[in-house]
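Below are the chains, spelled out letter by letter.
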Amino acid sequence: MVHEHNRRRAVRLIDTTLRDGEQAPGVTFTYREKERIADLLVAAGIDEIEVGTPAMGPTVRRDIIQLIDRFPGVRMIGWCRALLDDIDFAAACGCPAVQISFPVSAILLGALGKSRDWVWRQMESLVPEARKRFGFVAVGAQDATRTDDRFLRRFVQRSRSLGADRIRISDTVGVCSPSAVGALVKPLVALSGEMMVEFHGHNDLAMATANTLAALEAGAGAASVTVNGLGERAGNAALEAVAMAIRLSSHLSSKIRCDHLVGLCQVVAAASGRPIAVDRPVVGAAVFSHESGIHCHALLRDPYAYQPFLPESIGRPGMTLTLGTHSGRALRRHLSGRRADPQAA
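Here the structure is a predicted model, which is why all the values come from computation and not from measurement.

**Q** Would you take a moment to explain the pairing of strand β2 (residues 12–15) for this structure?
**A** Walk down a regular strand and you will see the side chains alternate between the two sheet faces. Of the pairings in the sheet, the one linking β2 to strand β9 (residues 222–225) comprises four bridges and is parallel in character. Residue pairing across strands places I14 opposite S224, the latter belonging to β9. Sheet analysis places β2 next to strand β3 (residues 48–52), joined by two bridges and oriented parallel. Note on β3: the bridge partner recorded for D15 is I49. Following the backbone out of β2, through helix α1 (residues 31–43) and into the adjacent parallel β3, one traces a crossover that is right-handed.

Pasting the structure below:
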């Protein structure tokens, strides 16, 4: 007999809180904050950490070097533009892995004064060079959801032929929908062969988590995320939401230890100066608070009745049943009984 967990496909989660998350306006982490966040990410079972952009300057490079030294067993990725100088900086930091990001849409190429011929020339020179210097090379298709399919397919095939280990498909301005992401990613997975496909989603239309799940369900082997969805504009796909969606999936699995999520999210919220909204999915303070009489009546019989997972599974105490204008008799009796019981907390 095949057990259920044996039918689930393992996927990798790459956290980019220290790179893409820190690009959110007004957010700057000290080294100690980066170290603490990385400690908690590793404890939570993250597969890889995108540790920063080496070309951003000596302070960032110093932090990257220290983090790589602190976590020798973790794949730490340096993010690079498609420039040789960026790759040189990553190599000088001792990065074990790099992500080389290429603009692929006509909009971005035009805004940056580049052409598709420039993309091909840079790929031909940079990817083989990176393979000589790093143990793992990922190639990024920036703004992939706003380029034409033919060019994107050729980009994936060329990345594979040049020896890239992974290709990142980025919904850079968050304009895609789950059905469109699935339709985009599935044929790219077929083209990629042994090269893994990764999805990177932004949340401009509040679909980053859904798009990320759609990409994984379409065959992508990895996804990049940030804690609390921290990132530019409306942010990125949130680690905590993606991890719990994978946990609830019948056919995907990850290494994330979800009972670490609340503590991790609280630390990043404090370090970033971005408080967690009370109704934020998964980790908001009100997510497991209930007042409705119908809901409370059912929850007293079965805590899964109106909750997709138990609060304890993400490192939070049990649910809270609140007496209010919408409460019913069952909750009132329950709370009255607790008050009468001297052992009741």
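Further notes follow.
**Q** For this particular structure, what's the right way to read the packing of aromatic side chains?
**A** Two aromatic rings are characterised by how far apart their centres lie and by the angle between their planes. Under the counting rule described, the total for this entry stands at four aromatic pairs. Ring geometry for F102 and F155: centres 5.8 Å apart, planes at 70 degrees, overall edge-to-face. On the criterion of sequence distance, the pair formed by F102 in strand β5 (residues 97–103) and F155 in helix α6 (residues 149–161) is long-range, its members being 53 residues apart. Across the pair, F155 and F102 agree in class, each one buried. On the basis of an interplanar angle of 40 degrees and a centroid distance of 6.5 Å, the ring pair of W120 and F155 is categorised as tilted. Taken together, the residues W120 in helix α5 (residues 116–133) and F155 in helix α6 connect sequence positions 35 residues apart. Take W120: its relative accessible area is 11%, and that puts it in the buried class.

**Q** Would you take a moment to explain unusual backbone geometry for this structure?
**A** Excluding glycine, residues mostly carry a negative phi; peptide bonds, for their part, are mostly trans. Not every positive phi belongs to a glycine, and A206 is a case in point at roughly 65 degrees. In this fold, A206 is placed in the loop between β8 (196–201) and α8 (208–217). With relative accessibility at 64%, the residue A206 sits in the exposed group. The phi angle at R233 is positive, at roughly 55 degrees, despite the residue not being glycine. Topologically, R233 is positioned in the loop between β9 and α9 (239–248).

Definitions and cut-offs
- Residues numbered from 1 in each chain as written.
- Predicted model: local features only at pLDDT ≥ 70, side-chain atom pairs only at ≥ 80, totals over all residues.
- Heavy atoms only, no water.
- Pairing = 2+ DSSP bridges.
- Helix = DSSP H or I, 4+ residues; strand = E, 2+ residues; numbered from the N terminus.
- Right-handed = clockwise from strand over helix to strand, strands pointing away.
- Phe/Tyr/Trp six-rings, centres within 6.5 Å; stacked < 30°, edge-to-face > 60°.
- Buried < 20%, exposed > 50% of the residue type's maximum accessible area, 1.4 Å probe, protein only.

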